[in-house]
Amino acid sequence: MKDKLTIIVGVAICTAFLLGLATTLTRSMMIGFFDVLPVYILMGIVIVMMFYEAFFDNKK
């Protein structure tokens, strides 16, 4: 149970950091949506992989 709680907290903090990092790029007036689109795609892939490894990969 303690391991699951640690995993949930760690994944939540990492996800919040990555989403915050990606959204700060859109605050600039000089950077458009299509300039940031690859960043959003990569962040989405990273977050999905992180959740998969943390909760669905049972090869431990």
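This write-up is about the structure you can find in this document. (Residues numbered from 1 in each chain as written. Predicted model: local features only at pLDDT ≥ 70, side-chain atom pairs only at ≥ 80, totals over all residues. Heavy atoms only, no water.)

1. Looking at the overall build of the chain
Right, so step 1: In terms of helices and strands, the chain carries 2 helices and 0 strands.
Right, so step 2: In terms of C-alpha radius of gyration, the chain reaches 14 Å, well past the compact-globule figure of 10 Å for 60 residues.
Right, so step 3: Overall, the chain is about 45 × 20 × 10 Å in size when its C-alpha atoms are taken along their principal axes.
Right, so step 4: The buried share of the chain, taken over its 60 residues, is 15%.
Right, so step 5: Carbon together with sulfur atoms contributes 75% to the accessible area of the chain, which is approximately 5,100 Å² in total. (Helix = DSSP H or I, 4+ residues; strand = E, 2+ residues; numbered from the N terminus. Rg over C-alpha atoms; globule rule 2.2 N^0.38 Å. Buried < 20%, exposed > 50% of the residue type's maximum accessible area, 1.4 Å probe, protein only. Areas by Shrake-Rupley, 256 points an atom, 1.4 Å probe, with all protein chains shown as cover.)

2. Points about the environment of Gly44
Right, so step 1: For Gly44, the position within the fold is in helix H2 (residues 33-56).
Right, so step 2: Through-space distance from the C-alpha of Gly44 to that of Phe55 is 17 Å; in sequence the pair is 11 residues apart.

3. A few points about helix H1 (residues 2-24)
Right, so step 1: With 23 residues, H1 extends 33 Å between its outermost C-alpha atoms, agreeing within 8% with the 33 Å of an ideal straight helix rising 1.5 Å per residue.
Right, so step 2: Val11, Thr15, Leu18 and Ala22 are the residues of H1 that are buried.
Right, so step 3: Packing partners of the buried residues in H1 comprise H2. (Expected span 1.5 Å × (residues − 1). Contact = heavy atoms within 4.5 Å.)

4. Topic: the packing of H1 against H2
Right, so step 1: The interhelical angle for the contact between H1 and H2, taken along N-to-C directions, is 180°, at an axis separation of 10 Å. If you check the angle between H1 and H2, you find them roughly antiparallel. Touching Lys4, Ile7, Ile8, Val11, Cys14, Thr15, Leu18, Leu19, Leu21, Ala22 and Thr23 of H1 are Val36, Val39, Tyr40, Met43, Val46, Ile47, Met50, Phe51, Ala54 and Phe55, all from H2.
Right, so step 2: Here the contact of H1 with H2 is built from residues that sort into 18 nonpolar, 2 polar and 1 charged. (Axes fitted to C-alpha atoms, helices over the stretch in contact; angles between N-to-C directions. Parallel < 35°, antiparallel > 145°, perpendicular 65-115°, else oblique. Nonpolar A, V, L, I, M, F, W, Y, C, P; charged D, E, K, R; others polar.)

5. Focus: a nonpolar patch on the surface
Right, so step 1: A surface patch of nonpolar side chains, amounting to about 410 Å² of accessible area, comprises Ile41, Leu42, Ile45 and Met49.
Right, so step 2: Residue placement: Met49 occurs in helix H2. (Patch = residues over 30% accessible without salt bridge, like charges linked within 9 Å, V, L, I, M, F, W, Y side chains within 5 Å. Salt bridge = Lys/Arg side-chain N within 4 Å of Asp/Glu carboxyl O.)

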